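What follows is the residue order along each chain.
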Amino acid sequence: MSKKTHVSETPATQLLRANGIVFTEHPYEYVEHGGAQHSAEVLGFDPFTVVKTLVMQDQDAKPLIVLMHGNRTVSTKNLARQIGAKSVEPCKPEVANRHSGYLVGGTSPFGTRRAMPVYIESTILDLPRIAINGGRRGYLVGIDPQVCVKLLDAKSVQCALAE
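Definitions and limits used
- Residues numbered from 1 in each chain as written.
- Predicted model: local features only at pLDDT ≥ 70, side-chain atom pairs only at ≥ 80, totals over all residues.
- Heavy atoms only, no water.
- Buried < 20%, exposed > 50% of the residue type's maximum accessible area, 1.4 Å probe, protein only.
- Helix = DSSP H or I, 4+ residues; strand = E, 2+ residues; numbered from the N terminus.
- Pairing = 2+ DSSP bridges.
- Core = buried A, V, L, I, M, F, W, Y, C linked by side-chain atoms within 4.5 Å.
- Contact = heavy atoms within 4.5 Å.
- Salt bridge = Lys/Arg side-chain N within 4 Å of Asp/Glu carboxyl O.
- Polar contact = N/O pair within 3.5 Å; in protein donor to acceptor, adjacent residues only side chain to side chain.
- Phe/Tyr/Trp six-rings, centres within 6.5 Å; stacked < 30°, edge-to-face > 60°.
- Lys NZ or Arg CZ within 6 Å of the ring centre and 35° of its normal.

1. Re the pairing of strand β3 (residues 63-69)
So, step 1. Of all 7 residues that make up β3, 7 are buried, and the element is covered over most of its length.
So, step 2. The sheet contact formed by β3 and strand β6 (residues 118-121) spans 3 bridges and is parallel. In the strand pairing of β6, L67 is matched with I120.

Laid out in structure tokens, this is it:
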């Protein structure tokens, strides 16, 4: 039986299905610290269209999610300024896991344990389709980026830095 036949449901895919969102499934061999660049490479995607889900926190340790191109990094200074925070920094992996309910490397912005504000790099919304984590390591789903605005109320920001 081929591995591609069915990937078991995750909170993310349950949320997408419950909202009638059409998505494609893209399982791949997960590599520790491989990140979006690795998944893009093995799946044959442009890393610009592979979106990483980053759990960060503001100066009061309030969590937030940033959706960023796979080949870009977040300018936390620019992000903080745009969202009216004093500072923003990545959460430690165990803190990110606790907030999202997902393991780092398998974090999806959909179906998180805790509701968190979501910010999306504005240029992602210009793409026709994106690949984003489907709720487990080694599993991306292909969707229209507007789904992030519709389901997550993602706010557009400009905080990308070339890697």
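2. Overview of the nonpolar core
So, step 1. Core analysis: the biggest nonpolar cluster contains 28 residues, and L67, F110, I130, I132, I143 and C148 have the highest contact counts within it.
So, step 2. Among the secondary structure elements, those contributing two or more residues to this core are α1 (11-18), β2 (50-58), β3, α4 (93-100), β6, β7 (130-136), β8 (139-143) and α5 (146-152).
So, step 3. Residues M68, V74, V88 and V157 belong to the second largest nonpolar core, which totals 12 residues.

3. A closer look at helix α2 (residues 35-43)
So, step 1. Residues of α2 that are buried include every one of A36, H38, S39 and A40, and no others.
So, step 2. Structurally, α2 contributes buried residues whose contacts are with β2 and β8.
So, step 3. At the exit of α2 stands G44, carrying a positive phi of roughly 75 degrees.

4. Topic: the pattern of salt bridges
So, step 1. Following the criterion strictly, the structure yields 2 salt bridges and no others.
So, step 2. Between R17 and E9 there is a salt bridge, with the nearest N and O atoms lying 2.4 Å from each other.
So, step 3. Overall, E9 belongs to the partly exposed group, its relative accessible area being 33%.
So, step 4. The partner of D153 in a salt bridge is K155, and the shortest N-O contact between them spans 2.8 Å.
So, step 5. By relative accessible area, which is 40% here, K155 ends up partly exposed.

5. Structural notes on the environment of R81
So, step 1. Looking at the element boundaries, R81 is found in helix α3 (residues 76-83).
So, step 2. Along the chain, R81 and Q57 lie 24 residues apart, while their C-alpha atoms are 14 Å from each other.
So, step 3. In terms of polar contacts, R81 uses its side chain to reach the side chain of N78, at 2.7 Å.

6. Some words on the packing of aromatic side chains
How two aromatic rings sit relative to each other is set out by the distance from centre to centre and by the angle between their planes.
So, step 1. Under the defined criterion, the tally for this structure stands at 0 aromatic pairs.
So, step 2. Sitting above the plane of the Y139 ring, R136 keeps its charged end 6.0 Å from the centroid.

7. As for unusual backbone geometry
So, step 1. For H33, which is not a glycine, the phi torsion comes out positive at approximately 65 degrees.
So, step 2. A positive phi angle, near 55 degrees, is found at D153, a position not held by glycine.

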